[in-house]
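What the coordinates show
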Amino acid sequence: MPFSGFDILILVLVVFVLLLIFAGIKTIPQGFNYTVERFGKYTRTLSPGLNLIIPFIDRIGARMNMMEQVLDVPTQEVITRDNAIVAVDGVAFYQVLNAPQAAYQVSGLQNAILNLTMTNIRSVMGSMDLDELLSNRDAINDRLLRIVDEAASPWGIKMTRVEIKDINPPANLVESMARQMMAERNKRAQILEAEGLKQAQVLEAEGRREAAFRDAEARERAAEAEARATQVVSEAIAKGDVQAINYFVAQKYTEAMAKIGSANNSKVVLMPIEASSLIGSLGGIGAIAKEVFNGEQPAPAQRRSTSRPPVTRSE
């Protein structure tokens, strides 16, 4: 059956309508927003999913990634406030919140964010000393994030993080810092050693003071005991007790012998010893002790005249 001209026209119209429908259907992937331009002017934004536009009148403008993105900040040299030159690099994270602003408020969004971040890195780090840069990296990151986010907010983006990755001073400066650190550690070690020596000397002085106090106390007690013994002997002599005199004689006699025997320059000592006198003196000492502790009257000791020849002592 041959087709007439009307049939062919209907077929062409159907095909044209189908082509228009397919041209007006737009599928937007998740995480993206597309802008729609009508005769070159922005009209609306297409969200993820199935969307319809007017073919040949509307067209897709910018395809904006709405997910969080990372941007590497290349290495650059920064001069600090104390004139130290350091090489610094970093990384920036941002997210597009408003697709039309990100598409039409700035040309080259990533390039603009990169240059803004690098400029503020030089400004922030250039206002600090080298020691502050090395020890306050978190404070630098927070300050950079606040400044860059405020500057980029008209572009419809949110700066989520700005991080400094590496701070590399020159080799000679690193060597100088190492020497300074070693000198500081040596200084601290010397201070600790001096403090320990001081504490030891203080403890030693306290020990000597305590020992001197105890020695003085011992001498005081010995003097009191000697005074007591002298008083008892004096009372015994006043009562006519001859054994008290023998006690003193025997004591001094014994002490003299001990000193002579312990002298370094003594070689041979010849001295007469009266055995009966020494025995009588010892007896007097015993009687006095009984009188002091028991309150008994001592009995007079008998003297026997017994003499011996001189004794020779050699060392």
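Details of the structure are given in the entry above.
Let us look at the structure shown here. (Residues numbered from 1 in each chain as written. Predicted model: local features only at pLDDT ≥ 70, side-chain atom pairs only at ≥ 80, totals over all residues. Heavy atoms only, no water.)

1. What to know about unusual backbone geometry
Rule in force here: Each helix is a run of H or I in the DSSP string that is no shorter than four residues. Each strand is a run of E no shorter than two, and both are numbered from the N terminus. In this scheme, a residue with accessible area under 20% of its type's maximum is buried, one over 50% is exposed, and one in between is partly exposed, where area comes from a 1.4 Å probe on protein chains only.
For Phe 56, which is not a glycine, the phi torsion comes out positive at approximately 70°. Structurally, Phe 56 can be placed in the loop between strand E4 (49-52) and strand E5 (58-65). The phi dihedral of Asn 83 falls on the positive side, at around 65°, and the residue is not glycine. Checked against the element boundaries, Asn 83 lands in the loop between strand E6 (69-79) and strand E7 (85-96). What makes Asn 83 exposed here is its relative accessible area of 65%.

2. Some thoughts on the packing of helix H3 (residues 109-126) against helix H5 (residues 137-152)
Rules: Note on definitions: angles span 0 to 180 degrees between N-to-C directions of axes, and those axes are lines fitted to C-alpha atoms, for helices only across the stretch in contact. Under this scheme an angle from 65 to 115 degrees is roughly perpendicular, one under 35 degrees roughly parallel, and one over 145 degrees roughly antiparallel; angles in between are oblique. Left-handed is the label given to a crossing in which the near helix is rotated counterclockwise from the far helix by less than a right angle, and right-handed is the label when the rotation is clockwise. Residues count as neighbours in contact if any of their non-hydrogen atoms are within 4.5 Å of one another. All amino acids are sorted into three groups, where Ala, Val, Leu, Ile, Met, Phe, Trp, Tyr, Cys and Pro are nonpolar, Asp, Glu, Lys and Arg are charged, and the leftover types, Gly among them, are polar.
In the contact formed by H3 and H5, the axes pass within 10 Å of each other and the chain directions differ by 135°. For the element pair H3 / H5, the angle class is oblique. With respect to the hand of their crossing, H3 and H5 are arranged in right-handed fashion. Between H3 and H5, the contacting residues are Leu 116, Thr 117, Asn 120, Ile 121, Val 124 and Met 125 on the first element and Ile 140, Arg 143, Leu 144, Ile 147, Val 148, Ala 151 and Ala 152 on the second. Grouping the amino acids of the contact of H3 with H5 by side-chain chemistry returns 10 nonpolar, two polar and one charged.

3. Section: the pattern of salt bridges
Where we set the bar: Salt bridges are counted wherever a side-chain nitrogen of Lys or Arg sits within 4 Å of a carboxyl oxygen of Asp or Glu.
Scanning the model with the defined rule gives 10 salt bridges in all. In this structure, the salt-bridge partner of Arg 59 is Glu 37, at a minimum N-O distance of 2.8 Å. In this pair, Arg 59 is assigned in strand E5 and Glu 37 in strand E2 (residues 32-38), connecting sequence segments 22 residues apart. A relative accessible area of 49% means that Arg 59 is categorised as partly exposed. Glu 37 gets classed as buried once you look at its relative accessible area, which sits at 9%. With a closest N to O distance of 3.3 Å, Glu 204 and Arg 208 form a salt bridge.

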